[in-house]
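# Coordinates in review
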Amino acid sequence: LIHQNSYLVDGELKPWSGDSSEVYSTISSTEIYKPTLLGTIPTLGEKEALEALDAAVNAYDKGQGLWPTMKVKNRIECMEKFVTQMKTKREEIVKLLMWEIGKTLPDSEKEFDRTVDYIYDTIEEYKQLDRDNAKFEKNDGVYAHIRRGPLGVVLCLGPYNYPLNETFALLIPALIMGNTVIFKPAKYGVLLISPLLEAFQSSFPKGAVNILYGRGRTVATPIMQSGKVDVLALIGNSKSANALQNQHPKSNRLRLVLGLEAKNPAIVLADADLDLAIDECIAGTTSFNGQRCTALKIVYVHEDIVDEFNKRFSARVDALKFGNPWEAGAKLTPLPESDKPQYIQELIDDALEKGAKILNEKGGKTTENYIFPAVLYPVNKEMRVFQEEQFGPVIPVLSFKDIDEPLNDMAESNYGQQVSLFGSDINTLAPLIDTLVNLVCRVNLNSSCQRGPDVYPFTGRKDSAVATLSVHDALRSFSIRTFVASKDN
Ligand code: G3H
């Protein structure tokens with residue numbers, strides 16, 4: 001059990017003896033199902049939230065604070081000190097990833113290692129940015145020394161599906177660019193931040209990073225309402241992002257760095273390599289139980305091959321092993337949100353009522369903390385599973401005759417993150433790719449959608465994202481170009 005009884009504000013681990021909230025895993029540690037108590041976290045209130053805000057504002061000190069003015073070399077030293085300490089916590093954090101969010105052991109290890117790599121890559125990119133900043137430009141007789149400066153105070157909120165990696169994909173670039181940060185861990189995946197509190201405290205100057213616990217509404221609202229936040233950095237849902245943005249009294253001043261919902265389609269053309277398409281669609285729809293913003297959330301298959309696809313795909317889904325995250329070969333694991341099976345069931349019921357069938361035998365079978373992915377076919381636009389981002393184990397399949405059918409759906413969709421396109425004739429694929437890149441931001445050719453490698457831009461159109469995250473882009477998203485101009489060099 002982890003009893004987190006402090007929070008990090010102004011460089012101090014402040015002891016907390018007020019109310020606390022219990023953190024449970026939906027994974028049972030007993031044979032008769034019972035959620036497992038993992039620990040407790042402080043239930044902080046408005047007072048502590050504003051304390052953290054003051055600490056971040058003071059540490060930024062109108063851009064004159066120790067952290068925003070620190071030399072690049074020293075800022076890198078702080079970040080290296082942090083990541084060195086973080087590496088010693090691998091085992092503990094991997095274990096918490098498994099228990100708190102039900103991520104498989106290999107994926108939990110990958111999340112940890114990917115985050116460490118991300119920090120080192122960010123340091124290298126920051127050094128490169130510094131080298132670029134050292135250059136002078138001359139245009140029309142005016143010399144300019146262009147550099148990148150911090151934006152101010154960042155409120156950082158990460159998602160439960162990557163509570164370490166995606167949170168750090170916001171926090172680390174925000175920090176290294178000289179911003180000061182207030183960070184509230186995700187609801188699930190909150191305890192895994194505990195092993196890092198001391199590393200944060202000892203690596204960065206006071207007030208540069210402040211870590212709060214509690215309900216988003218209670219702690220994030222007063223922070224936003226203060227009008228003192230310069231950047232809202234959030235990966236999660238647009239409802240929370242919009243609410244927080246609207247709480248800011250001068251929201252047009254607020255910079256947004258947001259990763260939001262997506263409904264990434266797979267489009268399987270008639271000439272696709274079916275084995276490959278099925279392999280990739282299995283990975284895309286079911287990895288981490290579909291709880292990835294980049295998951296394939298709708299599958300379009302050409303009518304000539306849809307029967308064959310459905311038969312083989314459904315059998316492959318049924319062959320996936322459900323188990324606890326540490327069990328060898330487990331691909332499907334308990335869902336951290338206890339109400340998710342019920343929600344997925346509602347989507348399935350709605351689709352069945354409107355004419356779809358479950359193609360796979362195990363589809364829709366529920367246990368206390370899981371619902372087995374149902375392959376639904378034929379899905380139509382009236383169904384909730386067509387319209388909503390399911391973010392969980394249910395797989396809607398549609399057939400199409402004309403490629404304009406999926407393309408029109410994508411054009412009408414509120415989302416525009418990625419697409420997976422399966423086909424083999426380059427003469428068909430090339431013009432299609434040109435169309436697709438104007439509907440989404442990444443076209444994955446004969447492969448499922450994904451964010452990585454992390455050097456590639458991670459973003460989206462429409463309601464899917466604001467700003468771009470990647471090792472390269474995030475440093476730019478969390479900073480502004482400033483320059484000194486002179487007629488003399
Ligand atoms: O939840 C969205 C994640 O950014 C997906 O990342 O493609 O590496 O799983 P991933």
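The structure we're discussing is the one just above.
Every value quoted in this text rests on a predicted model; they were computed, and no experiment measured them.

## Focus on the overall build of the protein chain
Helix and strand content of the protein chain: 16 helices and 25 strands. Taking 2.2 N^0.38 as the reference for a compact globule, 489 residues should give roughly 23 Å; the C-alpha atoms of the protein chain span a radius of gyration of 24 Å, in line with that estimate. Buried positions account for 57% of the 489 residues belonging to the protein chain. Total accessible area on the protein chain stands at roughly 20800 Å², and carbon and sulfur atoms take up 49% of it. In the protein chain, the 54 positive side-chain charges and the 64 negative ones have mean positions that sit 6 Å from each other.

## Here's the deal with the sheet that holds strand E13 (residues 264–268)
Spatially, E15-E18-E19-E14-E13-E21-E22 is the arrangement adopted by the seven strands of the open sheet, whose pairing is mixed. Each edge of the sheet is formed by a strand with only one pairing partner; in this case those strands are strand E15 (357–358) and strand E22 (442–445). Where E15 and strand E18 (residues 374–377) come together, two bridges link them in antiparallel fashion. From the neighbouring strand, Ile-358 faces E18, where its bridge partner is Leu-376. Sitting on the sheet, helix H11 (residues 306–318) is in contact with E13, strand E14 (296–302), E18 and strand E19 (394–400), with an inclination near 165° to E18.

## Details of the packing of helix H4 (residues 90–101) against helix H5 (residues 105–133)
Put simply, H4 and H5 touch, their axes get as near as 9 Å, and they point 130° apart. As summarised for this structure, H4 and H5 are arranged oblique, according to the angle between their axes. Here H4 and H5 pass one another in a crossing that is right-handed. The residues of H5 that touch H4, namely those facing Arg-90, Ile-93, Val-94, Leu-97 and Met-98, are Leu-105, Ser-108, Glu-109, Glu-111, Phe-112 and Asp-113. Tallied by class, the residues present in the contact of H4 with H5 amount to six nonpolar, one polar and four charged.

## Overview of the environment of Lys-187
Along the chain, Lys-187 falls in the loop between strand E9 (180–184) and helix H7 (197–203). Residue Lys-187 is classed as exposed on the basis of its relative accessible area of 65%. Distance in space between the C-alpha atoms of Lys-187 and Tyr-160 is 6.5 Å, their sequence separation being 27 residues.

## Side note on the packing of aromatic side chains
Tallied over the full model, the rule gives twelve aromatic pairs. Where Tyr-160 meets Phe-391, the ring centres are 6.0 Å apart and the plane angle is 75°; that geometry is what we call edge-to-face. Of this pair, Tyr-160 sits in the loop between strand E8 (153–157) and helix H6 (165–176) while Phe-391 sits in the loop between helix H13 (384–387) and E19, placing them 231 residues apart in sequence. You can call Tyr-160 buried: its relative accessible area is 12%. A relative accessible area of 14% places Phe-391 in the buried class. Here the aromatic cluster, defined as three or more aromatic residues joined through ring pairs, consists of Trp-67, Phe-82, Phe-168, Phe-200 and Phe-204. A cation over an aromatic ring shows up here: Lys-103 above the ring of Tyr-162, its NZ or CZ 3.6 Å from the ring centre.

What counts, and where the lines are drawn
Residue positions are counted from 1 within each chain, in the order its sequence is given. Totals for whole chains, interfaces and linings use every residue, but because this is a predicted model, local features are given only for residues with pLDDT of at least 70 and side-chain atom pairs only at 80 or more, for both listing and counting. Hydrogens and water molecules were not included; the side-chain quantities draw on all heavy atoms of the structure. Helix and strand definitions here come from DSSP, where helices need a minimum of 4 consecutive H or I residues and strands a minimum of 2 consecutive E residues; each element is numbered from the N-terminal end. With C-alpha atoms as the basis for the radius of gyration, the globule rule is written as 2.2 Å multiplied by the number of residues raised to the power 0.38. Burial status follows relative accessibility: with a 1.4 Å probe on protein chains alone, a residue under 20% of its type maximum counts as buried, one over 50% as exposed, and anything between as partly exposed. Where accessible areas are quoted, they stem from the Shrake-Rupley method and a 1.4 Å probe; at the residue level, only the protein chains shown are allowed to cover. Asp and Glu count as negative and Lys and Arg as positive, but His and the ends of the chain are not part of the count. Every charge is mapped to an atom, namely NZ of Lys, CZ of Arg, CG of Asp or CD of Glu. Pairing between strands is defined by DSSP: at least two bridges between the two strands are required. Contacts: residue pairs with any heavy atoms within 4.5 Å of one another. Here an angle of 0 to 180 degrees is reported between the N-to-C directions of two axes, which are lines fitted to C-alpha atoms, with helices fitted over the stretch in contact. For this classification, under 35 degrees means roughly parallel, over 145 means roughly antiparallel, 65 to 115 means roughly perpendicular, and everything else is oblique. A clockwise turn of the near helix away from the far one marks a right-handed crossing, whereas an anticlockwise turn of less than a right angle marks a left-handed crossing. Amino acids are sorted into nonpolar (Ala, Val, Leu, Ile, Met, Phe, Trp, Tyr, Cys and Pro), charged (Asp, Glu, Lys and Arg) and polar (every other residue, Gly among them). For Phe, Tyr and Trp, where Trp contributes only its six-membered ring, two rings pair if their centres lie within 6.5 Å, and the inter-plane angle classes them as stacked under 30 degrees, edge-to-face over 60, or tilted in between. Two limits define a charge over a ring: the Lys NZ or Arg CZ must be within 6 Å of the ring centre, and within 35 degrees of the ring normal.

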